[in-house]
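Chain by chain, the residues:
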Amino acid sequence: MKPLRATLLSAAVLLSACASSPPPAWHSLLPEAASAAAATALPAAAAGPSISVGRISVPEAVDRSPLVVAQGSGLAVLDGQRWVEPVKAQLPRAMALLLAERLPGATVTAWPAAGVAQPDWRLSADVQRFDLAGTPARAQLRVVWTLRAAGTEAAPPPRVFDTTVAAEGGSEAALVAAMRTAVARWADAVAQAAGGTAAAAGR
C-alpha cells in the first residue's frame, strides 16, 4: 500500500502544480490604435493607389510562439509570454494597417489574403533582425525591403531600414510595445517612399 499511496501523493502534487500555473500572457504586433472598421476597410478603399504587402521573411529563431528575448550572451525562450500568432503572419497585416493609416484612400492588402490583381505597388521584405533584448531593454528591427511599381521590369534597388527603440520599464509587454513602435517607424519609411513615388509619377 505504501508504494500506491506514494504514487497517488506524487500525482496529486503534479496536478496541483499544473492547476496553479498562471495562464500565458499574449502579445500582438498589430497597432493598438487600429480599429475593426479600419481593418475591414482595407480591401474596399479605391480612391488612391493600391499596395500589396507580400510575405515577409523573418529569422527562424524568433518565429515561434513564445517570445525570445536576448539576455546576456544567450537567448531566453519565455513559454509564459506568447505571440497570438507567428511573427511572419502578423507582420504583413500590421504593415497593411499602418500603411492604410498613413496613405488615406489607398487600397492596402496583406499576404496571404487575395488582393488587387495588379496592384500599383508591391512591398517585399526580408527581416534580418527582430530582436527583443533585456539589458538594456530595447527592440531592434532591421529590414531589407523593396517597393516595386507596376509595369517595371527591373527590380528597384533594395532599401535598408534599421532602428532601435528603448523599452520603458523592461517588461515583456514593454518590449513588444517597443517593437510595435519599430514596425511603425518602418511603415513611416515605406509610406514616404510610396507617397513620394506616387506624387512623382503623377507629375
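Up top is the structure.
If you're wondering where the values come from, they're calculated on a predicted model, not measured in any experiment.

### Description of the pattern of salt bridges
Consideration 1: Under the definition given, this model contains seven salt bridges.
Consideration 2: Taking the shortest distance from any N to any O, the salt bridge between Glu 85 and Arg 93 comes out at 2.1 Å.
Consideration 3: Residue classification places Glu 85 among the partly exposed positions, given a relative accessible area of 24%.
Consideration 4: Residue classification places Arg 93 among the partly exposed residues on the basis of a relative accessible area of 35%.
Consideration 5: Measuring nitrogen to oxygen at the nearest pair gives 2.6 Å for the salt bridge that ties Arg 129 to Asp 131.
Consideration 6: Arg 129 gets classed as partly exposed once you look at its relative accessible area, which sits at 34%.

### A short note on helix H3 (residues 87-102)
Consideration 1: Across its 16 residues, H3 extends 22 Å between first and last C-alpha, which sits within 8% of the 22 Å expected from 1.5 Å per residue.
Consideration 2: Turning to H3, its buried residues are Val 87, Gln 90, Leu 91, Pro 92, Ala 94, Met 95, Ala 96, Leu 97, Leu 98 and Leu 99.

### Re the pairing of strand E3 (residues 66-71)
Consideration 1: Note that E3 and strand E4 (residues 74-83) share six bridges and pair antiparallel. Directly across from Val 68, in E4, lies its bridge partner Val 77.
Consideration 2: Where E3 folds back on E4, the antiparallel hairpin that results is connected by two residues, among which Gly 72 adopts a positive phi of roughly 65°.
Consideration 3: Direction of pairing for E3 relative to strand E6 (residues 121-134): parallel, over a ladder of two bridges. Looking across to E6, one finds that Val 69 is bridged to Leu 132.

Rules behind the numbers
- Residues numbered from 1 in each chain as written.
- Predicted model: local features only at pLDDT ≥ 70, side-chain atom pairs only at ≥ 80, totals over all residues.
- Heavy atoms only, no water.
- Salt bridge = Lys/Arg side-chain N within 4 Å of Asp/Glu carboxyl O.
- Buried < 20%, exposed > 50% of the residue type's maximum accessible area, 1.4 Å probe, protein only.
- Helix = DSSP H or I, 4+ residues; strand = E, 2+ residues; numbered from the N terminus.
- Expected span 1.5 Å × (residues − 1).
- Pairing = 2+ DSSP bridges.

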